[in-house]
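In case you want the letters, here they are:
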Amino acid sequence: MDNSYKKYNSYKRRRLTPVEQRWRHKETVEVLADLKQHNIKIDTLYNFGVGHWPHQEALQWKKRRPDVEIYGVEPNPITYFDRINDYPGNLYQIGVWSENSVQELNMSRDFGHSSFLKQEEEWIKRVKTKGTHDSIVIIDDRVSVLCQTIDSLDNFFGNPDNIFIWMDIEGAELKALKGARALLESGRVKGLFLESATEKINRRVGEPKLPDLNRFLYNYGFSHKKYNTHPVFENILYLKKQ
């Protein structure tokens, strides 16, 4: 790794408090409970956008469902090398996009909010004006990353059955889903957990809102359930209609 990445290396993992642990585990526990309630069998987890520590979704899945095979992708090289040694599955340093290509990853100062989408000028002005912790999400570097479609990755992973997609790729979710049409049409995806922008503000150019994701995924037989709403994003669970 060259010297240009040194400014990102000040980040150190820290031990989570019991309250933080419960909060971090809450979404995964609730999603697994929903899947059980609907009698949905999952054999494979596609974890697109593993994220920086302490994102532990894959670890929680493996802890509670040790039989599930996990495939993770993380485009940010800093995050990838931080997570590779203790990731509970197969982890690849690659991005997901609408076509197989090389894309510019916009690197944030905390390297945990990096995105293939450019930031909205309005959002940058708002963050700088607030002068708060949010300033760490400002982009100040870029790196070229190899990207594959989800369909291509699904072929590489062996076209497993009963898939759940957990995707947090900082606004590029709809772009990535457009490269998953064959997989979605196959019926092998039983659920998805995604993030969308709220109606109040866009952080990034082209970032989807809930109606955008609904219009796309309803065509493949999914229904949605909101999980939680933050001032700038919300998490959504999609389940395949039985």
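These lines cover the structure that appears in this document, whether it is placed above or below. Remember, it's a predicted structure, so these values are computed and weren't measured experimentally. (Residues numbered from 1 in each chain as written. Predicted model: local features only at pLDDT ≥ 70, side-chain atom pairs only at ≥ 80, totals over all residues. Heavy atoms only, no water.)

## Structural notes on helix 2 (residues 57–64)
Phase 1 of the analysis: Here helix 2 has its buried residues at Glu57, Ala58, Gln60 and Trp61. Burial along helix 2 is one-sided: seen end-on, the buried residues are contained in an arc of 165 degrees. (Buried < 20%, exposed > 50% of the residue type's maximum accessible area, 1.4 Å probe, protein only. Helix = DSSP H or I, 4+ residues; strand = E, 2+ residues; numbered from the N terminus. Arc of directions from axis to C-beta.)

## Considering the pattern of salt bridges
Phase 1 of the analysis: Summed over the entire model, instances satisfying the criterion amount to 8 salt bridges.
Phase 2 of the analysis: One network of salt bridges, in which partners are shared, links Glu170, Arg204 and Glu207. (Salt bridge = Lys/Arg side-chain N within 4 Å of Asp/Glu carboxyl O.)

## With respect to the packing of aromatic side chains
The relation between two aromatic rings is expressed through the spacing of the ring centres and the mutual angle of the planes.
Phase 1 of the analysis: Applying the stated criterion across every chain yields a total of 13 aromatic pairs.
Phase 2 of the analysis: With a centroid separation of 6.1 Å and 80 degrees between ring planes, the pair formed by Tyr46 and Tyr71 is classed as edge-to-face. You can see Tyr46 sitting in strand 1 (residues 44–48) and its partner Tyr71 sitting in strand 2 (residues 69–73), a full 25 residues away along the chain.
Phase 3 of the analysis: We classify Tyr71 as buried; its relative accessible area is 13%.
Phase 4 of the analysis: Of the aromatic side chains, those joined through ring pairs into one cluster are Tyr46, Phe48, Tyr71, Tyr92, Phe156 and Phe157. (Phe/Tyr/Trp six-rings, centres within 6.5 Å; stacked < 30°, edge-to-face > 60°.)

## Structural notes on the environment of Leu184
Phase 1 of the analysis: Mapped onto the fold, Leu184 is located in helix 7 (residues 181–186).
Phase 2 of the analysis: Of the residues examined, Leu184 reaches a relative accessible area of 2% and is grouped as buried.
Phase 3 of the analysis: When the C-alpha atoms of Leu184 and Tyr220 are compared, they prove to be 6.4 Å apart, with 36 residues separating the residues in sequence.
Phase 4 of the analysis: In this structure Leu184 touches Leu177, Val189, Phe216, Leu217, Tyr220, Phe222 and Lys240, once residues within four positions along its chain are discounted. (Contact = heavy atoms within 4.5 Å.)

## A few points about the nonpolar core
Phase 1 of the analysis: Residues Phe48, Ile165, Met167, Leu192, Leu217 and Tyr238 are the most contacted members of the largest nonpolar core, which totals 40 residues.
Phase 2 of the analysis: With 4 residues, helix 8 (residues 210–218) is the largest single contributor of residues to this core.
Phase 3 of the analysis: Not counting the four nearest positions on each side in its chain, Tyr238 is found in contact with Lys190, Gly191, Leu192, Leu194, Leu210, Leu213, Asn214, Leu217, Phe222, Ser223 and His224.
Phase 4 of the analysis: Counting residues in hydrophobic clusters, the runner-up holds 20 residues, among them Val31, Leu91, Phe164 and Leu239. (Core = buried A, V, L, I, M, F, W, Y, C linked by side-chain atoms within 4.5 Å.)

## A look at unusual backbone geometry
Phase 1 of the analysis: Positive phi outside glycine occurs at Asn162, with the angle close to 50 degrees.
Phase 2 of the analysis: Position of Asn162 relative to the elements: it lies in the loop between helix 5 (150–156) and strand 7 (163–167).
Phase 3 of the analysis: With a relative accessible area of 13%, Asn162 lands in the buried category.
Phase 4 of the analysis: Residue Glu170 is not a glycine yet carries a positive backbone phi of 55 degrees.
Phase 5 of the analysis: Structurally, Glu170 is set in the loop between strand 7 and helix 6 (173–177).

Taken by themselves, the reported measurements are silent on function.
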